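# Architecture and fold: a report
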Amino acid sequence: MNVLNFVNSFFSDSAHWHGYDGIPARLGEHVRYTLQALLLAAAIGLPIGLVTGHYGRGGNALSLVATAGRALPSFGLLVLMTTLLGFGMLPVMIPLVVLAVPPILVTTYEAMRSVDPSPVDAARGMGMHESRILFQVELPVALPLILSGLRSAAIQIVSTATIAAYVSLGGLGRYIVDGLYQRNYEKVVGGATLVAVLALVTLALFWGVARVTVSPGVRRR
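Attention here is on the structure that accompanies the text. Just so it is clear, the model here is predicted, and its values are computed rather than measured.

What counts, and where the lines are drawn
- Residues numbered from 1 in each chain as written.
- Predicted model: local features only at pLDDT ≥ 70, side-chain atom pairs only at ≥ 80, totals over all residues.
- Heavy atoms only, no water.
- Helix = DSSP H or I, 4+ residues; strand = E, 2+ residues; numbered from the N terminus.
- Expected span 1.5 Å × (residues − 1).
- Buried < 20%, exposed > 50% of the residue type's maximum accessible area, 1.4 Å probe, protein only.
- Core = buried A, V, L, I, M, F, W, Y, C linked by side-chain atoms within 4.5 Å.
- Contact = heavy atoms within 4.5 Å.
- 1 Å grid on protein atoms, 1.4 Å probe; cavity = no way out; pocket = protein on both sides within 12 Å on 5 of 7 lines; lining within 4 Å.
- Points joined across faces, edges and corners; volume = space filled by probe spheres on them.
- Axes fitted to C-alpha atoms, helices over the stretch in contact; angles between N-to-C directions.
- Parallel < 35°, antiparallel > 145°, perpendicular 65-115°, else oblique.
- Left-handed = near helix turned anticlockwise from the far one by under 90°.
- Nonpolar A, V, L, I, M, F, W, Y, C, P; charged D, E, K, R; others polar.
- Salt bridge = Lys/Arg side-chain N within 4 Å of Asp/Glu carboxyl O.
- Patch = residues over 30% accessible without salt bridge, like charges linked within 9 Å, V, L, I, M, F, W, Y side chains within 5 Å.
- Areas by Shrake-Rupley, 256 points an atom, 1.4 Å probe, with all protein chains shown as cover.
- Phe/Tyr/Trp six-rings, centres within 6.5 Å; stacked < 30°, edge-to-face > 60°.

This part covers helix 5 (residues 89-113). In a regular helix each residue adds 1.5 Å, so 25 residues correspond to 36 Å; helix 5 covers 36 Å between its end C-alpha atoms and thus fits that length. Of all 25 residues in helix 5, 19 are buried; the element is thus mostly enclosed.

Listed below in structure tokens is the structure:
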């Protein structure tokens, strides 16, 4: 039985569309985990990246932190956090946030540093406050690259949030973990397909957000 047959069998089975283990319920859980982790990572990474990028300081320290964060294995960190904190959402959120902060942090910093200094200097010469320069001059120009960092983080979280199933939580990873345990490869392939589709939908959503929020003049640069 090939992969396409597995996919067809999984999605054509009406039992997979109802109840607590149905696709809508598992998809909702996965989206919730993703949004929570992305919001927490953005709350950490965006302010630090914006401020350090605006003042042009701390770039080496940010690179070191980002490299360390990327080097940590998410599953290993999940096991460690579960051992220390027990089962629950917190041990799952920690590795997902640690995974997502580096691309947001580094990309935001680089986006701010890539802004043409001429309008920034002109704004300072006009007496604009630093906060106004940051949000009214630099941020609109840096926004496309900042959104790319958020997009990268979101895709990584969508792909990695499957680890929640290993500590008895839900999400699309439930199909993969349960399918492997039951040797039900139809369920494994179906779960992996749903994760891939959700990642593509996430890409499309960020493309739409960029079209709406980024100035046409900046997009043409």
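Additional details are given in the paragraphs that follow.
A word on the nonpolar core. Counting 41 residues, the largest nonpolar core has Leu 38, Val 92, Leu 96, Ile 104 and Leu 150 as its most contacted members. At the level of elements, helix 2 (23-55), helix 5, helix 6 (117-125) and helix 7 (130-160) are the ones that each hand at least two residues to this core. Among residues more than four places away in sequence, those in contact with Val 92 are Leu 78, Ala 164, Val 167 and Leu 169. Phe 10, Val 158, Val 195 and Leu 198 belong to the second-largest nonpolar core, a separate cluster that totals nine residues.

Bringing the environment of Val 97 into the picture now. Mapped onto the elements of the fold, Val 97 is located in helix 5. Using a relative accessible area of 11% as the deciding quantity, one classes Val 97 as buried. Not counting chain neighbours up to four residues away, the residues in contact with Val 97 comprise Ala 37, Leu 40, Ala 41 and Ile 44.

All right, on to the layout of surface pockets then. Approximately 220 Å³ is the volume attributed to the largest pocket. Around the largest pocket, the lining is made up of 14 residues, and of these Leu 35, Leu 38, Thr 202, Leu 205 and Phe 206 lie nearest the centre. Elements with a contribution of two residues or more to the lining of the largest pocket: helix 2, helix 7 and helix 9 (185-213). Here the lining of the largest pocket takes six residues from helix 9, the largest share from any one element.

In this section: the packing of helix 2 against helix 9. One way to put it is that helix 2 packs onto helix 9 with a least axis distance of 12 Å and a crossing angle of 50°. In this view, helix 2 runs oblique relative to helix 9, as classed from their interaxial angle. Of the two elements, helix 2 crosses helix 9, and the hand of that crossing is right-handed. Facing Ile 23, Leu 27, His 30, Val 31 and Leu 38 of helix 2, the residues of helix 9 in contact are Leu 194, Val 195, Leu 198 and Phe 206. A class-by-class count of the residues in the contact of helix 2 with helix 9 yields eight nonpolar, one polar and no charged.

This brings us to the pattern of salt bridges. Enumeration according to the criterion identifies four salt bridges in this entry. One salt bridge connects Arg 26 with Asp 21, and the closest N-O pair in it is separated by 2.9 Å. Each of Asp 21, Arg 26 and Glu 29 takes part in one network of salt bridges that share partners.

Another aspect to go through is a nonpolar patch on the surface. Together, Phe 75, Val 79, Tyr 166, Leu 180 and Tyr 185 make up a nonpolar patch on the protein surface, roughly 490 Å² of accessible area in all. What makes Val 79 partly exposed here is its relative accessible area of 40%.

Let us now look at the packing of aromatic side chains. Under the defined criterion, the tally for this structure stands at three aromatic pairs. Every member of this aromatic cluster is reached through a ring pair, and the members are Phe 10, Phe 11, Trp 17 and Tyr 175.

Look at helix 6 against helix 7: their axes get within 10 Å of each other, and the N-to-C directions meet at 145°. You can see that helix 6 and helix 7 cross each other, and the crossing is right-handed. Along the contact surface, helix 6 presents Pro 119, Val 120, Ala 123 and Arg 124, while helix 7 presents Glu 130, Ile 133, Val 137 and Glu 138. Within the contact of helix 6 with helix 7, the residues separate by chemical class into five nonpolar, no polar and three charged.

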